[in-house]
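Summary of structural features
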Amino acid sequence: MNFNALGNTSVVGLQWGDEGKGKIVDLLTEHFDVVVRYAGGANAGHTVIVGDQRFALHLVPSGILRPDVLSLIGPGVALDLETIMTEIAGLRERGIKVDRNLLISNRAHLVMPYHKKQDLLSEARLDPDRKIGTTARGIGPCYADKMLRSTAFRLADLYKPDAFRSRLRDVVADRNKVFNALYGETEPFDADAIADQFLEFGERIRMHVVDTTQVLHEALARCERLLFEGAQGSLLDIDHGTFPYVTSSTCTAGGVAAGAGVPPACIHDYVGVIKAYTTRVGSGPFPTELTNATGDAIRVRGHEYGTTTGRPRRCGWFDAFATKYSMDLARITQLCVMHLDTLGGFPEVRVCTGYRYRGERLKIFPPDIDVLNEVEPIYETMPGWDAEINADDSYEQLPLPARRYVERLEDLLAAPITLVSVGADRLATLHRQTAPPAMVPAR
Ligand code: IMO
Ligand code: MG
């Protein structure tokens, strides 16, 4: 990947999350001035390996690991103060600088304790086949309150303590009634105890709280380079994903400008991140899922267990049909393929190039999950590769079938694959020559 050729760049996950966005953001960061999280919340789990250290970040942008870069959390993020403070403390303990290099939008909505409880209780109440399988981080209830407006709290509210406490008492009184009616006897929330705790949180993170929108506009005026760190993946998008088995935010490219507060035209490049196979955590359709020994082998080799919840991830073959749909929701200028090493050792590998539904080949990715649950993937089978991949090799030294596989993905997705990851470490990264300009969509 030619880092210098990138303008303001957004890193977008093109599957159901966990594509390896954290590693890509970490690699790109040293070429940028500001790294911005703009959507989602502590449901995200971005893992970055630096030397023998492993960092699992949920809210703090992955940019924090480079001290000269400004890390920023925008208005679109569902902010869990308890999680972010634990994360900040953990980073500081490990010698990572976290002071004014981390800024948090005063417009960000707060995840409240009753949001997390509601996430758990409402899932528990559903029939097994209707559970979404959320991360229980209170994301859905927090965004629901944001849309409802009158019951929502933003970070800025913590700096008007009397008004915060008084409105919280009303909101909590109503919430206790609803919880009691819907979920039976539950321990009522104590509004004053929450207010005390949140006002203290507010004081502890005060140094980080600003109008990040203004900060970004000033950075744009100084022609600084901005990097946007996507959370989740396009197929989990609230509007365009496999609804209702999605998250509650816009995680396609369209969410970047809205969640960060920058003009869409100021984002020049959308870098798509895909895993060499597919994974999904939680419920919902997954046409290429492998519920057999191959799926289990991918899970074990790829360490496919959730960063946020520890749940085993569902694993399956690469789905080029679903990924192409995701790419059409963004204008992906280049692709990064992650975990190619995990696919080594299988006698053959498969790629899904389309779906058949009741005998007919589908032309579009279906919006109806009942259809998606019934489709039969159409596979192309390719020879596998045995050899262990040596992280020091160049792309050209990869086994030929591995290169053929990458190049087949490039053909199917019609975008240049400029980076191939063969291990979690920063160094286990193979760069490819940028493909001919004809393959890059016109600006
Ligand atoms: P990153 O940023 C993978 C999934 C959950 C669940 C659904 C809804 O690490 O790629 P939510 O808690 O958001 O209401 O859960 O979305 N999900 C993710 N899956 N990676 C993520 O983030 C995810 N964030 C949410 O598993 O199926
Ligand atoms: Mg994750």
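Just so it is clear, the model here is predicted, and its values are computed rather than measured.

1. Side note on the overall build of the protein
Helix and strand counts for the protein stand at 12 helices and 20 strands. Taken across its 443 residues, the protein has 55% of its residues classed as buried. Counted over contacts in the protein with a minimum sequence separation of 6, partners at least 24 positions apart contribute 76%. In the structure as shown, the protein presents an accessible area of about 18400 Å², 51% of it carried by carbon and sulfur atoms. With 49 positive and 57 negative side-chain charges, the protein shows a spacing of 2 Å between the two charge centroids.

2. Some details on the domain arrangement of the protein
In terms of domain boundaries, the protein breaks down into domain 1 (3–98 + 212–431) and domain 2 (109–207). One C-alpha centre belongs to domain 1, the other to domain 2, and the line joining them spans 29 Å. Buried surface at the junction of domain 1 and domain 2, both sides included, amounts to about 2000 Å², of which 59% is carbon and sulfur. Three residues stand out in domain 1 for area buried against domain 2, namely Leu79, Leu81 and Met85, and they jointly supply 28% of the buried area on that side. For the pair domain 1 and domain 2, the interface holds two salt bridges. Here Glu82 ties to Lys116 by a salt bridge, and the two come within 4.0 Å at their closest N and O atoms. Where domain 1 packs against domain 2, one counts 11 residue pairs in polar contact (both at pLDDT 80 or more). Among the secondary structure elements, those contributing two or more residues to the side of domain 1 that touches domain 2 are β6 (78–79) and α2 (81–93). Residues belonging to the side of domain 1 that touches domain 2 are distributed by class as follows: 11 nonpolar, 11 polar and four charged.

3. Examining the site of ligand 1
Among the 20 residues in the neighbourhood of ligand 1, the closest are listed as Asp18, Lys21, His46, Thr135 and Thr247. Contact between ligand 1 and Gly45: an oxygen atom at 2.9 Å from a main-chain N or O atom of the residue. A distance of 2.8 Å is found between an oxygen atom of ligand 1 and a backbone nitrogen or oxygen belonging to Gln232. Isolated, ligand 1 exposes 550 Å² of accessible area, and the fraction of that covered by the protein chains is 98%. Looking at the shell around ligand 1 residue by residue, the class counts come to seven nonpolar, 10 polar and three charged. Viewed by domain, the shell around ligand 1 spans two of them, domain 1 (3–98 + 212–431) and domain 2 (109–207), each represented by three or more residues.

4. With respect to the pattern of salt bridges
Scanning the entire structure with this criterion turns up 27 salt bridges. Between Glu30 and Arg66 there is a salt bridge whose closest N-O contact spans 3.9 Å. Linking Glu30 in the loop between α1 (21–29) and β2 (34–37) with Arg66 in the loop between β4 (53–57) and β5 (70–73), this pair joins segments that are 36 residues apart in sequence. Via salt bridges that share partners, Asp18, Lys275, Glu304 and Arg313 belong to a single interconnected network.

5. As for the packing of aromatic side chains
Summed over all chains, the structure comprises 11 aromatic pairs. Ring geometry for Tyr355 versus Phe365: centroids 6.0 Å apart, planes at 45 degrees, classification tilted. Here Tyr355, found in strand β16 (residues 348–357), pairs with Phe365, found in the loop between β17 (360–361) and α11 (369–374); they are 10 residues apart in sequence, far enough to count as distant. Each member of the pair, Tyr355 as well as Phe365, is classed as buried. By way of ring pairs, the aromatic residues Tyr114, Phe179, Tyr183 and Phe189 are connected into one cluster. Sitting above the plane of the Phe346 ring, Arg301 keeps its charged end 4.2 Å from the centroid.

6. Some points on the environment of Ala42
Inspection of the secondary structure puts Ala42 in the loop between β2 and β3 (46–50). Taking the C-alpha atoms as reference points, Ala42 and Ala78, 36 residues apart in sequence, are found 7.7 Å from one another. In this view, Ala42 contacts His58, Leu59, Ala78, Asp80, Thr83, Arg137, Ile139 and Thr308; residues no more than four positions away in its chain are not counted.

7. As for the pairing of strand β7 (residues 102–105)
Alternating positions in β7 separate into two faces, Leu102 and Ile104 on one and Leu103 and Ser105 on the other, with burial throughout. Pairing between β5 and β7: three bridges, direction parallel. The residue bridging Ser71 from the neighbouring strand is Leu102, located in β7. Examined bridge by bridge, β7 and strand β9 (residues 209–210) share two bridges and lie parallel to one another. Looking across to β9, one finds that Ile104 is bridged to Val209.

8. Details of the packing of helix α3 (residues 113–125) against helix α5 (residues 161–183)
The interhelical angle for the contact between α3 and α5, taken along N-to-C directions, is 15 degrees, at an axis separation of 12 Å. What the angle tells us is that α3 and α5 run roughly parallel. Judged by the sense of rotation from one axis to the other, the crossing of α3 with α5 is left-handed. Residue-level contacts link Tyr114, His115, Lys117, Gln118, Leu121, Ser122 and Arg125 of α3 to Leu168, Val171, Val172, Arg175, Phe179, Leu182 and Tyr183 of α5. Classifying every residue of the contact of α3 with α5 gives eight nonpolar, three polar and three charged.

9. A short note on the sheet that holds β2
With mixed pairing, the 10 strands of this open sheet are ordered in space as β9-β7-β5-β2-β10-β1-β11-β15-β19-β20. Two strands in the sheet have a free side with no partner beyond their single neighbour: β9 and β20 (429–431). In the packing of helix α7 (residues 212–221) onto the sheet, contacts are made with β2, β5, β7, β9 and β10 (226–229), and the angle to β5 comes to roughly 140 degrees.

10. Considerations on helix α4 (residues 139–148)
Helical geometry: 3.6 residues make up each α-helical turn, so side chains three or four residues apart lie on a common side. Regarding α4, the residues found buried are Ile139, Pro141, Cys142, Tyr143 and Asp145. Packed against the buried residues of α4 are β6, β8 (109–110), α3 and α5.

11. Points about the side chain of Arg314
Position of Arg314 among the secondary structure elements: in strand β13 (residues 314–316). Owing to a relative accessible area of 19%, Arg314 belongs among the buried residues under this scheme. Of note is the side chain of Arg314, whose polar atom sits 2.8 Å from the backbone oxygen of Gly282. With residues near it in sequence (within four places) discarded, Arg314 still touches Thr278, Thr279, Arg280, Gly282, Ser283, Gly284, Phe286, Glu289 and Arg299.

Analysis parameters
Residues numbered from 1 in each chain as written. Chains lettered and ligands numbered in written order. Predicted model: local features only at pLDDT ≥ 70, side-chain atom pairs only at ≥ 80, totals over all residues. Heavy atoms only, no water. Helix = DSSP H or I, 4+ residues; strand = E, 2+ residues; numbered from the N terminus. Buried < 20%, exposed > 50% of the residue type's maximum accessible area, 1.4 Å probe, protein only. Contact = heavy atoms within 4.5 Å. Areas by Shrake-Rupley, 256 points an atom, 1.4 Å probe, with all protein chains shown as cover. Lys, Arg positive; Asp, Glu negative; His and termini not counted. Charge placed at Lys NZ, Arg CZ, Asp CG, Glu CD. Domains from an automatic or database assignment. Buried area = accessible area lost by both parts, 1.4 Å probe. Salt bridge = Lys/Arg side-chain N within 4 Å of Asp/Glu carboxyl O. Polar contact = N/O pair within 3.5 Å; in protein donor to acceptor, adjacent residues only side chain to side chain. Nonpolar A, V, L, I, M, F, W, Y, C, P; charged D, E, K, R; others polar. Near = heavy atom within 4 Å. Phe/Tyr/Trp six-rings, centres within 6.5 Å; stacked < 30°, edge-to-face > 60°. Lys NZ or Arg CZ within 6 Å of the ring centre and 35° of its normal. Pairing = 2+ DSSP bridges. Axes fitted to C-alpha atoms, helices over the stretch in contact; angles between N-to-C directions. Parallel < 35°, antiparallel > 145°, perpendicular 65-115°, else oblique. Left-handed = near helix turned anticlockwise from the far one by under 90°.

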